[in-house]
Structures are given as C-alpha cells and as structure tokens.
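Coordinates in review
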Amino acid sequence: AVGVADSERAQIQTQSSILANSRVPSRDNRETQVTGGQFDCDRGLIIEALESNRWNRKAAAKQLGLTYRQLRYRIQQLKIDKDA
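What you see is a predicted model, and the numbers here were worked out from it, not measured in a lab. (Residues numbered from 1 in each chain as written. Predicted model: local features only at pLDDT ≥ 70, side-chain atom pairs only at ≥ 80, totals over all residues. Heavy atoms only, no water.)

Helices and strands together make up the secondary structure of the chain, namely four helices and zero strands. For the chain, the α and β elements follow one another from N to C terminus as α-α-α-α. Residues classed as buried in the chain amount to 23% of the 84 residues present. Considering only residue pairs separated by 6 or more positions, the chain has 55% of its internal contacts joining residues 24 or more positions apart. About 6200 Å² of surface is accessible on the chain, with carbon and sulfur atoms providing 47% of the total. (Helix = DSSP H or I, 4+ residues; strand = E, 2+ residues; numbered from the N terminus. Buried < 20%, exposed > 50% of the residue type's maximum accessible area, 1.4 Å probe, protein only. Contact = heavy atoms within 4.5 Å. Areas by Shrake-Rupley, 256 points an atom, 1.4 Å probe, with all protein chains shown as cover.)

Structure (structure tokens):
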C-alpha cells in the first residue's frame, strides 16, 4: 500500500515535471507566453511550495524541481508577493 507521504511525493513530482517543462526565457530575452490555464497552475503550485517551505525560495525551487533562478523569474513574472 502506498502511504500518504508517498502519494504526496508522487503528486509533487508530477507537478514539478509540469513546471520544469514549461517555457522560460532564452538568453536573448525572447519568451513564449504561457497559456492562461498553465499560468494559473504554475502560480498555485509555486505559492503552495513557497508556503510549505515558509517562503524559503531555494527550498521551494528544489521541491518544484526548478533552479533558484527559474523560480525567482517565475515569481517575478507571476507577480507573487509574500505580503499580498
């Protein structure tokens, strides 16, 4: 039987792969816009990871399978604010 922790870990890994495969800007700053649904999904997952890690961005990035810089960029683009 799969325990609760195992099922949560599997869910986070699935969500992380969705985030890791989404578009990020290239070095020349060209970027493909994320569709509305993906935008909402990314925002919710990022906020959930940040809150579960007490807004420690390095820990949240690791949980999501992103680099710290990728997470920081997405926080900026999605206008995620700890105080909001």
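Before going further, it helps to spend a moment on the nonpolar core. Counting 11 residues, the largest nonpolar core consists of Ile46, Ala49, Leu50, Ala60, Ala61, Leu64, Leu66, Leu71, Ile75, Leu78 and Ile80. Elements with a contribution of two residues or more to this core: helix H2 (36–52), helix H3 (57–64) and helix H4 (68–77). (Core = buried A, V, L, I, M, F, W, Y, C linked by side-chain atoms within 4.5 Å.)

Counting across every chain of the model gives zero aromatic pairs. Directly above the ring of tyrosine 68 sits lysine 58, whose terminal nitrogen or CZ lies 5.9 Å from the centroid. (Phe/Tyr/Trp six-rings, centres within 6.5 Å; stacked < 30°, edge-to-face > 60°. Lys NZ or Arg CZ within 6 Å of the ring centre and 35° of its normal.)

The subject of this paragraph is unusual backbone geometry. The residue tryptophan 55 is not glycine, and still its phi comes out positive at about 65 degrees. Along the chain, tryptophan 55 falls in the loop between H2 and H3. Overall, tryptophan 55 belongs to the partly exposed group, its relative accessible area being 22%. Of note, the phi angle at lysine 79 is positive, near 55 degrees, even though the residue is not glycine. Looking at lysine 79, the relative accessible area reads 68%, which means it is exposed.

The subject of this paragraph is the environment of aspartate 81. With respect to the helices and strands, aspartate 81 occurs in the segment after H4. Sequence-wise, aspartate 81 and isoleucine 47 are 34 residues apart; in three dimensions their C-alpha atoms are separated by 9.2 Å.

Mapped onto the secondary structure, arginine 74 falls in helix H4. Among the residues examined, arginine 74 registers a relative accessible area of 5% and is labelled buried. In the structure, arginine 74 is positioned 31 residues away from arginine 43 in sequence and 8.4 Å away in space, judged by C-alpha atoms.

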